[in-house]
Protein chains: 2
Amino acid sequence: METTCLAGWTRGSRPDHLFRRFVFDSYAQTRRFLDEMQAVCEACGVTPQNVNFGTTYVNVTISAEGPELSPADWEAARRIDALLRPSSEAV
Amino acid sequence: METTCLAGWTRGSRPDHLFRRFVFDSYAQTRRFLDEMQAVCEACGVTPQNVNFGTTYVNVTISAEGPELSPADWEAARRIDALLRPSSEAV
């Protein structure tokens, strides 16, 4: 089964990548999300190509190492989404 | 004593801020640096305004919340520098 899109994420090219911005109410929530996201990436064997965060936001880019995103990349994106709590808002 | 510069960091304005890029040999080193940097920021009572990291780099921006950088901001920058190990390279 080939996945070509995932709700909430923007897919781009050159290289093939997924991007999503997550917004939080507090730095504590941002920090917790970052920690949990790292654990997910390690579990999936994916190292985030680019993460940009500030006090209350995290921008995540998962990029393909080869010509296109791998099943592990898609799995990491899905698991990162699953980290969201009702107190956080993904935009 | 007023500090106006800190070796290795670039100072910018609008808002007053310090920026430095750190480069590492591996994701493990990058990850350790991120964890230690967060601990430093918490100890200094500073929340990083912007951090951008990838597999082997971390770009750190410490921005003033008021008109100019506070002593805590400078202290955080100094302590972040002190985290550097011989195996990492700051550019």
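Bear in mind the structure is a predicted one, so any value in this text is a computation, not a measurement.

Conventions and cut-offs
- Residues numbered from 1 in each chain as written.
- Chains lettered and ligands numbered in written order.
- Predicted model: local features only at pLDDT ≥ 70, side-chain atom pairs only at ≥ 80, totals over all residues.
- Heavy atoms only, no water.
- Pairing = 2+ DSSP bridges.
- Helix = DSSP H or I, 4+ residues; strand = E, 2+ residues; numbered from the N terminus.
- Least-squares fit on C-alpha atoms with pLDDT ≥ 70 in both.
- Contact = heavy atoms within 4.5 Å.
- pLDDT = per-residue confidence, 0-100.
- Buried area = accessible area lost by both parts, 1.4 Å probe.
- Salt bridge = Lys/Arg side-chain N within 4 Å of Asp/Glu carboxyl O.
- Polar contact = N/O pair within 3.5 Å; in protein donor to acceptor, adjacent residues only side chain to side chain.

Turning to the pairing of strand β3 (residues 50-53) of chain B, a few remarks are in order. Strand direction decides the pairing type here: strand β3 (residues 50-54) of chain A and β3 of chain B, joined by 3 bridges, are antiparallel. Bridging from a neighbouring strand, N52 of chain A pairs with N52 of chain B of β3 of chain B.

For the match of chain B to chain A, the screw axis carries a shift of 0.0 Å, the RMSD comes to 0.0 Å, and the turn is 180°. Viewed as a symmetry operation, the transformation between the two copies matches a two-fold axis. Among all residues of chain B, the minimum C-alpha distance to the rotation axis is found for N52 of chain B, at 2.1 Å. The share of interface residues of chain B whose copies in chain A are also at the interface is 100%, consistent with both copies meeting through the same surface.

Here chain A averages 87 in pLDDT, while 88% of its residues score no lower than 70. Scored as a complex, the prediction yields pTM 0.82 and ipTM 0.76.

Let us now look at the interface of chain B and chain A. Every contact between the two is made by 16 residues of chain B and, on the other side, 16 residues of chain A. Taking both sides of the interface into account, the surface hidden between chain B and chain A amounts to around 1,500 Å²; carbon and sulfur atoms contribute 39%. At the junction of chain B with chain A, the criterion picks out 2 salt bridges. Measuring nitrogen to oxygen at the nearest pair gives 3.7 Å for the salt bridge that ties E42 of chain A to R31 of chain B. One can count 8 residue pairs in polar contact (both at pLDDT 80 or more) joining chain B with chain A.

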